[in-house]
Each structure stands twice: as structure tokens, then as C-alpha cells.
Amino acid sequence: MFNKYNVIVVGAGHAGCEAAAAAANLGSSVLLITMNMGVIAQMSCNPAIGGVAKGQIVREIDAMGGYTGIIADKSTLQFRMLNLSKGPAMWSPRSQNDRMRFAEEWRLTLESLPNLDMWQDTVKEIIIENGRATGVVTSLGIRIEADAVVLTNGTFLNGVIHIGEKKIGGGRTGEKAATGLTEQLITLGFESGRMKTGTPPRVDGRSLNYNLMEEQWGDEKRGRFSYTDVELPTIQRCCWITYTNDKVHEVLKTGFEKSPMFTGRIKGLGPRYCPSIEDKINRFAERDRHQIFVEPEGFNTVEIYVNGFSTSLPEDVQQKALRLIPGFENAKMYRPGYAIEYDYFPPMQLDLTLETLKVKHLFFAGQINGTTGYEEAGAQGFIAGVNAHRRINDLQELILKRSESYIGVLIDDLVTKGTEEPYRMFTSRAEHRLLLRQDNADIRLTPIAHKFGLIDEERLRKVNKKIDDSDYLVDYMKQHSISPDEMNPVLKEVGSSPLHQKSRIFNILSRPQINIGDIAKASTAFSNLLNNYEQETIEQAEIKIKYDSYFAKEMEIVNRMKKMEDKEINPNFDYATLASLSIEAREKLLKVKPRTLGQASRISGVSPSDISVLMVHMS
């Protein structure tokens, strides 16, 4: 039935879609295998993209030629830039999305790629020949050959759904689990573990009283994820906020004795930063209420996602507790919340390319690596797809550094440190986050993507124009001045001290109370100049001026670390011969097989003295 493919991608979630698209766009023949063609790119939990650090990842995927940002923009219900009261390193784009439209746009995008085929089936086995993945065998007994295989199984590997005392085999509500792969990988020497995640109940929006809730609208001046000119929906939808209370908590507590989390039936660890409502009540007993975000699932559906109420308690307890939340007095559930437990493979078994260390040409991406979130999955899928293509063509692999991207931080953290709980990206994980902002993802990554054949000349030209234009504006503001008569009325408005003589625009804009719009308000000439430039270019120039000295200090740190990050270690380096290394360091280095001295220095259990020993033997 099938010709041999260059790359087979198993699973059509967010990781699988990005992996398949990336490999296909680079010229590989790709087969995307999914258990259900009707739920490609399903938003299994929250119908939203982005958020703190996650939004930066989406912009990075887009800057490199991936599709998550484009799909998110096309299906946006509401867009908000989070953390605008903080510095630009913390600004994080987030969109509420139409769940059905998001999946449809992904499906249409995949179907438009000439090198990509799809097949509905379940993969039961990876074909391994001479230590290399050479294809798959499906549940229908079909043997399909390939040069490389990418596994993006999400929560489906031996997935078990928990609702109170009920246990149902499944990878998602209404969908069966995938069996066989975990067992095969274990026989090949892979370590596996169990993780848990959860989702809240969905309710009928017609049964809610929105008058008892706080309205939450998106930004009036709507932003976007993609650097392309993708057309945005013309309208936005409102979301709402409400709160739990003591009565809600008391009802929820009546179900604790049947909670799979508290009775020990769930063995896997859940995401620490996205706890269930029962976990919140248990861990934060001093709080008398918890915030609930009431979020629509689409433009043309009444289904509501109850964000903040993730639970695996019995469905009758969920219903009773929900109806005690303001606005939910008559709430009708479409389906209850549930927890899901699934297999994952600790990611220290991977190379930085996301190829496994034990089997060549086999790549893992997404929740199989212990991560949580669409954005983290999409980023891994993109990198795995690119590297699968490049590996089979003996081309230089794509590895992003920690100083270049959040994607680099994500993969380096996973491969170097591993994770025993669902990994979620935060700005605090990136030591160079001031350089890794959402506004400059294209400047950082599009030139790299172009070098690897992921971005065309037009996209690169657009980025170079943004750089040139923002540099011109910075130079203009360094050279041109504004008089006290022009500027002082505006300075008085914002409570900033007046000018006593003509001052350079650069110096005025460096004041914390002043933004570039204030300068434009004071100077007609400057306002007219800004009219010639894109908003992103103007924003880039303003950020460069306000944070110039901080950027310089951060780059000094990056450059100091560059020697270690660039010092490559022979993959066959025999750490066992170095008696001066600690026993723990020797074990960890043999397990991780770091590519560089910098990566070795971040391995837990490898001390500075161990690094000094390595440096001596490598010099």
C-alpha cells in the first residue's frame, strides 16, 4: 500500500503537526499517522495559545517558519498582551481561540503541503534495524518503511482517565489509549515513567448568568503572534471572571475520599503550576476563594471552558460545587472534568536534536518527553521535524542555544536536567530573558531559519528592514532635540521634571515615565516621521533606547559564557578514565553525553571542580 517515506510522524497533536509540516516543507516525503483524522491538532484542554513565556515560544516558532502562530491568529477569539505593567522581557502574548476553527485551520494547512500524506491508524511497533528506526507497524498489521520516525504520542501511551473512583482507558475523553509502544521501548533499554494532567468540566454557556461575573475583554488594539500578514478575525469575544467560595470548597471536600489523587490511585505527578481545584483547596487552605476564568470555546458554540476548575472528583460532586459559584447557579455540564495518567520517557535519553541516544533516527517530541502545553509541544515538534530531515540527509543539525531562544532553554533543560513532573516554560527559566523577548523573536531567529532553508528571502528581507528601520529611528533620536516649549506641557501631564534647555529625544525617552507616544505628542515633526514606520519597528526602537545599557551587560555575560558553550566534547569521550571526576559526575556525564562544556556545566551533580577536570583533559 505504501511507498517508503523519508519521515513518519506518529501522532497529530501540536508536536506532530509542527514536526510533519517542518519536515515536509524542507523536502522530505512525510507520512503523518493519527488514530483519528477528525481530531487533528485538537486543543485537548484550554482553547488558548500563549501566555507567560509560552507566547514567546509561539513567536519563536513563527519566526522560524512554523505554523502555530499563524493558526492561532486565524482562529483568535480574543487577544491580550500580558504583563504590560512590567518590563518588555515579561510581555507575553496570549489568545483565546476558537477550538474548532483552530483544528480546521491546521487540517487545511497540512492538506496544502504537497510532500505530506496522512493515514488513520494506531502505531503498535517501531521497526528497528541495526540500531536505527526504519519504519513502523500499525494496528492493521501494515508495515510502513521510513528513513526516520518521530514519536509525538501526547497523553495516549497507556493513558488512563480518572473521574472519581472510575477508571477508563483512554488518551483523551472519547478516544482510546495507545498500547504496545511503551513496552517495546522498554525492551530496547529506555526508561519510562508516569505523569498526570487534568482538565475542567465544560458547561452550556446558555445556563450561566454573566451579570454576576466580571467582564474580561481583549486588548482594544489587538496584537498578533505571527510576523506574517495573516488576516485576523474582525471581532473579539468577551471572557468573564468569577470566584469559588467557602460553600464551593465544602462541597468539593465531600468528594476527597473518592478522589484518585488523594487515595493514591494516580501514581503520576501532575503539573505543579496548574493544580486541580481539589489540590488548590488542600494546599492553600487559608484562601477562601480561587479565581475562575469563564472562557468561550468558539465563535459559534455555547460551550464554555471553566478555566481554574480542573478536577478528577466524582461528576456529581463537580456539578454540585459548580452551581455554588456566582453565575453558575443553573449551570449544565456538557462533560465532567477528569485527570489522565500516561507514560512518558525521561528526556535525558535524548540528544539536543531530540533524537534518542539509544536508537538512531528515532525522535521524541511533546508530552512523551515530560512537557505540558501546546506551545512547548509545538516547539519540540518543529525542532524534531527539522532534525529528522537533516539527519537522514547528513546535514548540520539545528540546535538553538539558551542565549538565542526560549526553545533552546526548553530543550536544553529537558535533555540536560530531565524532569520528574510535567515541564512548563516560565520566563524565570531563561537566564537571558531580557534578550529573549517576544518583540525580537524574528530578529533573533529568522536569519538562523533562513540559513537552514526554513524561511524564504522575502521573510528575511522583512526582518532586515525592521532592523534597519529601528536602528535609523534610534540614531534619529540620538541626533535630534526637542525644545522645552514643545516638551514641557507633556512632561507636566505625566509628572516628569521639566526641561530647561533643548534635549536630545534619546535622553528624554530614557526617562521611565515617558514613552515614544509622548514624544510624538510634543513634536509634530517626530509624529510625522513615525507615521512612515510599522508599529513593531517603533516599539523595537523604543525598547532599544530604554534598555540599551541592560542589553549591553547581558551580552557581556553571554559572550563570557560563549567559550564554554562553543567548546565541543567528543561524543565518544571516555569519562570513566578520569579518576579525578566525582562518581556522580561520571555517571551523569556518561548518561547525558553533553555536546559542549557549557551543557556539561548545567547537569545536576556535575560540580565546578568536575568541569575544571574536563577542561584540563580537553585542552
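Rules of the game
- Residues numbered from 1 in each chain as written.
- Predicted model: local features only at pLDDT ≥ 70, side-chain atom pairs only at ≥ 80, totals over all residues.
- Heavy atoms only, no water.
- Helix = DSSP H or I, 4+ residues; strand = E, 2+ residues; numbered from the N terminus.
- Rg over C-alpha atoms; globule rule 2.2 N^0.38 Å.
- Buried < 20%, exposed > 50% of the residue type's maximum accessible area, 1.4 Å probe, protein only.
- Lys, Arg positive; Asp, Glu negative; His and termini not counted.
- Charge placed at Lys NZ, Arg CZ, Asp CG, Glu CD.
- Pairing = 2+ DSSP bridges.
- Phe/Tyr/Trp six-rings, centres within 6.5 Å; stacked < 30°, edge-to-face > 60°.
- Lys NZ or Arg CZ within 6 Å of the ring centre and 35° of its normal.
- Axes fitted to C-alpha atoms, helices over the stretch in contact; angles between N-to-C directions.
- Contact = heavy atoms within 4.5 Å.
- Salt bridge = Lys/Arg side-chain N within 4 Å of Asp/Glu carboxyl O.

A.B. asks: Which residues make up the overall build of the protein, and what values do they have?
C.D. replies: The number of helices and strands found in the protein is 21 helices and 22 strands. In terms of overall dimensions, the protein is globule-like: its C-alpha atoms have a radius of gyration of 26 Å, near the 25 Å expected for 619 residues. If you line up the protein on its principal axes, its C-alpha atoms span 80 × 70 × 50 Å. Counting all 619 residues of the protein, 58% fall into the buried class. Of the charged side chains in the protein, 76 are positive and 79 negative; the average position of the first set lies 2 Å away from that of the second.

A.B. asks: Outline the pairing of strand β12 (residues 193–199), listing residues and values.
C.D. replies: In terms of residue burial, β12 counts as a mostly covered element, since six of its seven residues are buried. In terms of strand pairing, β12 meets strand β19 (residues 338–344) through seven bridges, oriented antiparallel. Bridge pairing in β19 places Lys196 opposite Glu341.

A.B. asks: Describe the packing of aromatic side chains, with residues and values.
C.D. replies: For the structure shown, the criterion picks out 14 aromatic pairs. Through a chain of ring-to-ring contacts, three or more aromatic side chains come together here, namely Tyr472, Tyr476, Phe526 and Tyr533. Sitting over the face of the ring of Tyr243, Arg289 holds its NZ or CZ atom 3.6 Å from the ring centroid.

A.B. asks: So what's going on with the sheet that holds strand β11 (residues 166–169)? Which residues, and what values?
C.D. replies: The pairing of strands in a sheet comes from backbone hydrogen bonds and takes either a parallel or an antiparallel form. As summarised here, the arrangement of the four strands in space is β11-β10-β19-β12, forming an open sheet in which the pairing is antiparallel. Strand pairing shows two members of the sheet lacking a second neighbour, β11 and β12, which therefore form its edges. The average undirected angle you get between the axes of adjacent strands in this sheet is 25°. Bridge count between strand β10 (residues 160–163) and β19: three bridges; the pairing is antiparallel.

A.B. asks: Which residues make up the sheet that holds strand β17 (residues 303–307), and what values do they have?
C.D. replies: The six strands are arranged β14-β15-β16-β17-β13-β18 in an open sheet whose pairing can be described as antiparallel. The strands lining the two open edges of the sheet, one partner per strand, are β14 (214–216) and β18 (333–335). The sheet shows a mean angle of 35° between the axes of neighbouring strands, taken without regard to direction. Taken together, the three bridges between strand β13 (residues 202–204) and β17 define a ladder with antiparallel strand orientation. Residue Asp204 lies in a different strand from β17, and its bridge partner there is Glu303. Against the sheet, helix α8 (residues 315–322) contacts β13, β17 and β18, and its axis sits at roughly 145° relative to β18.

A.B. asks: I'd like a description of the pairing of β10, backed by residues and values.
C.D. replies: Both faces of β10 are covered, namely the face carrying Val160 and His162 and the face carrying Ile161 and Ile163. Pairing geometry for β10 and β11, over four bridges, is antiparallel. Each residue of the ladder has a partner; that of Ile163, found in β11, is Lys166. What sits between the antiparallel neighbours β10 and β11 is a turn of two residues, in which Gly164 has the positive phi angle 60°.

A.B. asks: Explain the pattern of salt bridges to me, using residue names and the numbers behind them.
C.D. replies: All told, the structure shown has 40 salt bridges when counted by the stated rule. A salt bridge links Glu303 to Arg335; the shortest N-O distance between them is 3.7 Å. Highlighted residues: Glu303 in strand β17 and Arg335 in strand β18, separated in sequence by 32 residues. Its relative accessible area of 18% is what places Glu303 among the buried residues. For Lys544, the salt bridge goes to Asp471, with nearest N and O atoms at 2.5 Å. In this pair, Lys544 sits in helix α17 (residues 535–546) while Asp471 sits in helix α12 (residues 457–479), placing the two residues 73 residues apart along the sequence.

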